[in-house]
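Each chain is listed here by its residues.
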Amino acid sequence: MPVFAYKALSTKGAVTTGEIDAADRPEALRLLDKKGLQPVNLRETSAAVPARKTNGKSKEGEPLRQTGKAEAAEDAIPEGPIKLKRQEVVLFTEELSDMLSAGLQLEPALKSMENRQELGNLKAVSYKIRQIVRDGVNFSAALKKVSPSFGPLYCSLAAAGEASGALDTILKRQAHYLKTLAELQSRLILAMIYPAFLVFAGIGVSIVFVTTLIPQLTSLIESTPGGKIPLGAAILIGASDFMTKWWLVIVLVLIAAGIFFKAWKDNDANKPAWDRMKLRLPLMGRVITSRFYVQFLETMANLVGNGLPLLRALELSRDATQNRSLRAALDQVIDQVGDGRSFSKALIRNGSFPPLLIDMIAVGEQTGKIDQSLRRAAERYDKELNKDLQRIMALIMPTVLIIMAGLIGTMAYLMITAIFQTISNLG
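Residues numbered from 1 in each chain as written. Predicted model: local features only at pLDDT ≥ 70, side-chain atom pairs only at ≥ 80, totals over all residues. Heavy atoms only, no water.

### Thoughts on the overall build of the protein
Right, so step 1: Counting its regular elements, the protein contains 16 helices and three strands.
Right, so step 2: Counting every position in the protein, which comprises 427 residues, the buried fraction comes to 37%.
Right, so step 3: Considering only contacts within the protein whose residues lie at least 6 apart along the sequence, 58% involve residues at least 24 apart.
Right, so step 4: Total accessible area on the protein stands at roughly 24600 Å², and carbon and sulfur atoms take up 60% of it. (Helix = DSSP H or I, 4+ residues; strand = E, 2+ residues; numbered from the N terminus. Buried < 20%, exposed > 50% of the residue type's maximum accessible area, 1.4 Å probe, protein only. Contact = heavy atoms within 4.5 Å. Areas by Shrake-Rupley, 256 points an atom, 1.4 Å probe, with all protein chains shown as cover.)

### Quick word on helix H6 (residues 139-146)
Because each turn of an α-helix spans 3.6 residues, side chains separated by three or four positions in sequence point in the same direction.
Right, so step 1: Residues Phe139, Ser140, Ala142, Leu143 and Val146 constitute the buried set of H6. Looking down the long axis of H6, one finds its buried residues gathered within 160° of arc, a one-sided arrangement. In H6, the exposed positions that point more than 90 degrees away from the buried face belong to Lys144 and Lys145. (Arc of directions from axis to C-beta.)

### Quick look at the environment of Phe353
Right, so step 1: Turning to its location among the elements, Phe353 is positioned in the loop between helix H14 (343-350) and helix H15 (355-367).
Right, so step 2: Given the relative accessible area of 8%, Phe353 is considered buried.
Right, so step 3: Residues Phe353 and Tyr293, spaced 60 residues apart in sequence, show a C-alpha to C-alpha distance of 9.0 Å.
Right, so step 4: Sequence-distant contacts of Phe353, defined by excluding residues within four places in its chain, comprise Phe292, Tyr293, Ala329, Leu330, Val333, Leu347 and Ile358.

### A short note on the nonpolar core
For soluble globular proteins, nonpolar side chains are generally found buried alongside one another.
Right, so step 1: Among the nonpolar cores identified, the biggest contains 34 residues, and Phe92, Leu96, Ile129, Phe139, Leu143 and Phe150 are the most heavily contacted of them.
Right, so step 2: Ignoring anything within four residues of it in the chain, the contact list for Leu96 reads Leu106, Ala109, Leu110, Met113, Phe139 and Leu171.
Right, so step 3: Judged by nonpolar contacts, the second largest core, of 33 residues, contains Leu297, Val304, Leu347 and Ile370. (Core = buried A, V, L, I, M, F, W, Y, C linked by side-chain atoms within 4.5 Å.)

### Quick notes on a nonpolar patch on the surface
Right, so step 1: A contiguous nonpolar surface patch, about 610 Å² in accessible area, is contributed by Trp247, Leu248, Val251, Leu252, Ile255 and Ile259.
Right, so step 2: Its place among the elements puts Leu252 in helix H9 (residues 231-266). (Patch = residues over 30% accessible without salt bridge, like charges linked within 9 Å, V, L, I, M, F, W, Y side chains within 5 Å. Salt bridge = Lys/Arg side-chain N within 4 Å of Asp/Glu carboxyl O.)

Now the structure itself:
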């Protein structure tokens, strides 16, 4: 039977070392758990001695193939970071938050997820995170190491949950946010199907106008005695000739402009300016700001409600904010709160936060129930966010219809006007 050397923590916090006989690594972990020891390091020190078979079992009565399964499961874990789909991230977050809410500690919860019957990336991610957490690394740091799919925002919120002892609540909120985002994207895709067909149809009609109808109209007018091309039709014909001759150059310029914009946007020196520009975008800027208020207020409510000092809660909420412009505003608020000002007065002095939000926080400060005030403010801005999203979804269809109708209608009107004028000249 293999021998495993272990280093573990006792219930009193003392570090103990020793060796234990077990059929495999999971069995060794179970034996240490029965002794009340929390493993820090566990490794096999001697090779397994082949056991005497008795109807396919070892002399201890355990099936011989269990070790092979455990080894095969560990061998199936891929090396390096593991990429997850968004649905897998949501499923991981929901399952882990449910287990933590039920009273399980982090490592047993990860162990339970690791023992899933369904194979796949979630099983591998749970295994790797548990191994890193067992070595004393924070859960948020383990997330960064194991998979890039969790993202900076997810890891920052997990760190805030660890600091406040409300990891289950934070994860539940994050799962709700991810599901809402996935639902919004699916609704946006469904809403864009019909406008996309209209856009492609409009592009097809425009190509037919440019390549076939306009050249034929030009030939007809030029062959007519005394024929004169109207100004509107002349502009349309000139645009058609320009597009026909220079379409490749136009496409290359657009591609180069897109590449240049992406390089400018991804440059660290330009990211603050781009974040400020995003906040000023029509419609979308309001959505980004409302989403920040909801996330900021919910995080603050969870952190303060779990006993974290206000200044530390602000710092963790600032770390969970991705927009650099908004993060700079929070930096100013943190500096003022650190100097002794109240939270609401620091927000007023900053000037970047709406009066309604500040009033609700001021009421919480006066009543001593700031966490409840923050949560009510988060619910209010969540409703505002949903209204803004519904407004954008409702505006997509009419906007596309108006643009396409204006484009095709203008081209058709100019052509029909030119044809009627040519017919009148013939008369």
